[in-house]
Amino acid sequence: MVRASVLERFAIAVASTLLALLLGAVIVAASGYDAVEFVTALVYGAFGTISNVAFTLRQTTMLLLTGVAVAIAFRAGVFNIGVQGQFVVGGFATVVTVLFLAPFLPTGVVGGVLLMLLGTAAAMLVGGAYAAIPGVMKAYADANEVITTIMLNFIASGVVFYLVDSHLRPEGASAPNTEQLPSYVDLPGFAFGSSSFSVIGLGVALLTAVVVAFVLGRTRYGYDLVTSGHQAAAAAYAGVDPKRTVVLTMTFSGMVAGLAGAMFAIMILGYYSDPSTFPRFGFDAIAVSLLAANNPLGVIPAALLFGGLDAGGQYIGFTLDVPRQLVDGVVGLVVLFVATPELFRMAGRRTGLGGDEE
Amino acid sequence: MSVTEYANPVRVTVGVGLLVLFVVGGVATLLDLPGAELLTVGAAQRALQAAIPIALAAIGGLYAEKSGVFNIGLEGFMIFGALAAAATASIASGEGAVTQAHLWLGILVAVLVCALLTVVYALLTIRYRADQIVAGLAVWFVALGFGPFTATVIWGGVSSPSLPNVDAITVPVLAEIPVLGRLVFDSSPLLWLTLFLTAAAWVVLYRTRYGYWVQAAGENPQALDTAGVSVNRVRYATVIFSGAMAGLGGAVLSIGIGSGFTGTGVTMVDGRGWIAIVAYLFGNYNPVGAFGAALLFGAMEMLQIQLQTIGIALPGSITELFPYVAVLVVLAAVGYTRMPAAVGEPYETEK
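Throughout this description, residue numbers start from 1 for each chain and increase along the sequence as written. Working convention: letters from A go to chains and numbers from 1 go to ligands, in the order in which they are written. Where local features are concerned, this predicted model is filtered to residues with pLDDT of at least 70; where side-chain atom pairs are given and counted, the filter is 80 or more; whole-chain, interface and lining totals use all residues. Note that the side-chain values use all heavy atoms of the structure and ignore hydrogens as well as water.

Undergrad: Please explain the overall build of chain B as it appears in this structure.
TA: Each helix is a run of H or I in the DSSP string that is no shorter than four residues. Each strand is a run of E no shorter than two, and both are numbered from the N terminus. Assigned secondary structure in chain B consists of 17 helices and 2 strands. Surface summary for chain B: the accessible area is close to 14,700 Å², and the carbon and sulfur share equals 67%. Each accessible area is a Shrake-Rupley estimate made with a 1.4 Å probe; only the visible protein chains count as cover when residues are assessed.

The structure is reproduced here in structure tokens:
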């Protein structure tokens, strides 16, 4: 995969997505639903109306941030499957920080901006620290990070639920929710008039992708990080400490995941709740990052595609009687096919559509 | 002799085990906990039962990894197994009463369905050289999506209605033996099946020619190839076996000891497939060791009931996390277990 051309990667990404969607449609038809209606509803749900577009962009914002977080680690040859957990603890840190500090700061725009900045900083700090745990375990105890990060996802979800449910739930409230954030702690919606999507949020996500692309592509630190992923021996001879790099990579990745958590808490939720009910952005992000060949800028179109799929899937769940989990399954199929470039290379050779330069 | 030279996996595992016992014992003494009430036959019974699905998936997974293929999709195959078993039992009964025969049919179908699904996974990872980690994760994601999807198509909701589970079998006379009688001779036949499969897996792996092929496929595929045995054929067999075992584990969860399929959250499998991977790592790829580790995690899972009986009422959302924390502790302690040399590398015959 390292030597594969950009064009080939693009072709594989497109082919994987189309094949997964096709399989999804076949499964829809096989379950006794109307496949054409399904596809039409998927597209309409994603881009049909202005509010559908706002929803797509909202999901895109989240998948862009979590996708970049995954990409940083994958780029360095580390599997951070724990983005979901880091996202959960990050968002929790934001809500706790904002709720705790709000009484001490002025209300209104100034206080709102200040609280959002402090809340976001807390999220990045906590997300980074949470991701450092599997990093340290991998570097110094050789513990497989795929398993440790998945365990930490379960632990994050359980502990945050416990804290929200038993300590932060207002007196007499029936649902395990924290108090609402103050109304001035919110990102304005601008053109879309949506209460849970803000152009500023999307802007932050796009800026993050560009900054991460710059750090990975143009700085010494990024060079060390990517080299240790692809050429571990060369990096070691060049004086890069592989253990330190693993910990730094995970921390960097977790900080971006924490930022995603802050965005989720401030832009979308406005309070905190049982994390097991949250969307699984951290898992879908793995598909986003793989589709983008782990390139932070490539994550932008990939996040838009999955944002659209997600929005379309939700719309389907509301309007047709096709269960929306189908879209989750299709995302899984995309991951499966992206992991198997050889399948498409072979198909390409057989059909004479290229891929024979190998 | 330095510490690192002295520490081999067996010594470390035994050491960690003793350390855990020592710490648990120490805490129990300090807090003046009634040890006798913690270590009851009932507690052992529950731990054994909770260990069955983990142990089954772990034994399958260790065969695959021993032969050189890391089947990280165990969790996904368990979800498919749990669903297939519940769906089969439910559909076979035709809206009527679900009988024991329907349940056993469900378990059988779950094994077959998962074996078939694993054929696809094996093709992708062995023939088409898919990245084993990413493909395994994909299996989980596919199962997290299509599992609840299929449940909705069948039952109209992500979970099945309540289903009965497999009856325990009581062996007359033998069940009268103190402790052992209640643990083994008055229990689910699936426990016997698990004990039998554990023993059989040990014998096959360490005492038969086929077992040596499996080990060679993971350690030195070139040598096995030179000896005239198809490396990939051995690997196909072990990977498909691992999927079938994970499917059996999932079926045990939903209708073997549980009461139907739950598709909410991360489904009823709830990380047990991942814990199974750690179980065989902790057991150093030895089926008997893997069963022991599964028992440890099963005990962790059931610790809440024990703590309640002695008056320590921790919230359920915290005690549910014990197995995951135990996995982290185990991985921190034995993370460096030596993997088979050729794990993760596709093998191609040189012509």
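On we go from here.
Undergrad: Whenever I open this one, the overall build of chain A confuses me. Can you help?
TA: A tally of regular secondary structure across chain A gives 14 helices and 0 strands. Reading the secondary structure of chain A in the N-to-C direction produces α-α-α-α-α-α-α-α-α-α-α-α-α-α. Computation of the radius of gyration draws on C-alpha atoms alone. For the globule rule, the value is 2.2 Å times the number of residues to the power 0.38. For 358 residues, the compact-globule estimate of 2.2 N^0.38 gives 21 Å, and chain A sits close to it at 21 Å. Principal-axis analysis of the C-alpha atoms gives chain A an extent of 65 × 60 × 35 Å. We call a residue buried when its accessible area falls under 20% of the maximum for its residue type, exposed when it is over 50%, and partly exposed in between, using a 1.4 Å probe and counting protein chains only. The buried share among the 358 residues of chain A stands at 56%.

Undergrad: What exactly am I supposed to notice about the interface of chain A and chain B here?
TA: A common way to express how large an interface is: the accessible area buried when the components associate. Contact definition: two residues touch when any of their heavy atoms are within 4.5 Å. Taken together, the contacts link 43 residues of chain A with 44 residues of chain B. Carbon and sulfur atoms make up 83% of the surface buried where chain A meets chain B, a total of about 3,900 Å² over both sides. Ranking the residues of chain A by area buried against chain B places I147, M151 and F154 of chain A at the top, with a combined share of 16%. The salt bridge partner of R129 of chain B is E342 of chain A, with a shortest N-O separation of 3.7 Å. The element contributing the most residues to the side of chain A that touches chain B is helix α6 (residues 145-168) of chain A, with 12 residues. Buried area is calculated as the accessible area (1.4 Å probe) missing from two parts once they are joined, with the contributions of both summed. Salt bridge, as used here, is a side-chain nitrogen of Lys or Arg placed within 4 Å of a carboxyl oxygen of Asp or Glu.

Undergrad: I tried to follow the packing of aromatic side chains on my own but got confused; where do I start?
TA: Aromatic ring pairs are defined here through the distance separating the ring centres and the angle between the ring planes. Aromatic contacts are taken between Phe, Tyr and Trp rings whose centres are within 6.5 Å, Trp giving its six-membered ring; a plane angle under 30 degrees counts as stacked, one over 60 as edge-to-face, and the others as tilted. Following the criterion strictly, the structure yields 22 aromatic pairs over all chains and no others. Look at W202 of chain B and Y206 of chain B: their rings are 5.7 Å apart centre to centre, the planes differ by 55°, and that puts the pair in the tilted class. Pair noted here: W202 of chain B and Y206 of chain B are both in helix α9 (residues 189-207), with a separation of 4 residues, about one helical turn. Through a chain of ring-to-ring contacts, three or more aromatic side chains come together here, namely F87, F92, F264, Y272, F278 and F281 of chain A.

Undergrad: Just checking my understanding: could you explain the nonpolar core for this structure?
TA: In a soluble, globular protein the nonpolar side chains are often hidden away together inside. Remark: nonpolar core denotes a set of buried residues (Ala, Val, Leu, Ile, Met, Phe, Trp, Tyr, Cys) joined through side-chain atoms within 4.5 Å. Counting residues in hydrophobic clusters, the biggest one holds 210 residues, and the most contacted among them are W140, W274 and Y280 of chain B. The element that contributes the greatest number of residues to this core is helix α7 (residues 132-155) of chain B, accounting for 15 residues. Core analysis: the next-biggest nonpolar cluster, separate from the first, contains 7 residues, A73, A139, V246 and V247 of chain A among them.

Undergrad: In this structure, what is going on with the confidence of the model for chain B? I would like to understand it.
TA: Confidence scores per residue from the predictor, reported as pLDDT, run from 0 to 100. Scored by pLDDT, chain B has a mean of 87; 88% of the residues are at 70 or more. ipTM for the predicted complex: 0.90, alongside a pTM of 0.90.

Undergrad: Is there a simple way to explain helix α12 (residues 299-319) of chain A in this structure?
TA: In an α-helix there are 3.6 residues to a turn, and that puts residues three or four apart on one side. All names here are of chain A. Expected helix span is computed as 1.5 Å times (number of residues minus one). With 21 residues, α12 should cover 30 Å at 1.5 Å per step; its first-to-last C-alpha distance of 30 Å lies within 8% of that length. What α12 keeps buried is the set V299, A302, A303, F306, G307, G308, L309, D310, A311, G312, G313 and I316. Considering only its buried residues, α12 is in contact with α1 (6-30), α2 (35-47), α3 (50-75), α11 (281-291) and α13 (325-338).

Undergrad: Mind showing me how you'd approach the packing of α1 of chain A against α2 of chain A here?
TA: Working note: a packed helix pair is described by the angle between its axes plus the distance between those axes. Residue and element names in this part refer to chain A. With axes taken as lines fitted to C-alpha atoms, and helix axes fitted only over the stretch in contact, angles between N-to-C directions fall between 0 and 180 degrees. Taken N-terminus to C-terminus, the directions of α1 and α2 make an angle of 130°; their axes are 8 Å apart at the nearest point. In terms of their interaxial angle, α1 and α2 are classed as oblique. As α1 packs across α2, the resulting crossing turns out to be right-handed. Of α2, the residues touching α1 (which contributes L21, A25, V28 and A29) are A35, F38 and L42. Of the residues contributing to the contact of α1 with α2, the split by class is 7 nonpolar, no polar and no charged. Orientation labels follow simple angle bins: below 35 degrees gives roughly parallel, above 145 gives roughly antiparallel, 65 to 115 gives roughly perpendicular, and whatever is left gives oblique. Handedness of a helix crossing follows the sense of rotation of the near helix relative to the far helix, less than a right angle counterclockwise being left-handed and clockwise being right-handed. In the scheme used here, Gly and all other residues not listed as nonpolar or charged are polar, with Ala, Val, Leu, Ile, Met, Phe, Trp, Tyr, Cys and Pro taken as nonpolar and Asp, Glu, Lys and Arg as charged.

Undergrad: Would you mind going over the confidence of the model for chain A with me for this structure?
TA: The predicted coordinates ought not to be read in detail in places where the model reports low pLDDT. Averaged over all residues, the pLDDT of chain A is 90; the fraction at 70 or higher stands at 97%. For chain A, per-element mean pLDDT is lowest for helix α9 (residues 232-237) of chain A, which scores 80, and highest for helix α4 (residues 83-101) of chain A, which scores 97.

Undergrad: Would you mind showing me how to read a nonpolar patch on the surface here?
TA: All names here are of chain A. Put simply, a patch holds well-exposed residues, over 30% relative accessible area, that have no salt bridge, with like charges counted together within 9 Å and Val, Leu, Ile, Met, Phe, Trp or Tyr side chains within 5 Å. A contiguous nonpolar surface patch, about 350 Å² in accessible area, is contributed by V39, V43, F47 and L304. Ranked by residue count, the leading element in the nonpolar patch is α2, at 3 residues. Residue placement: F47 occurs in helix α2.

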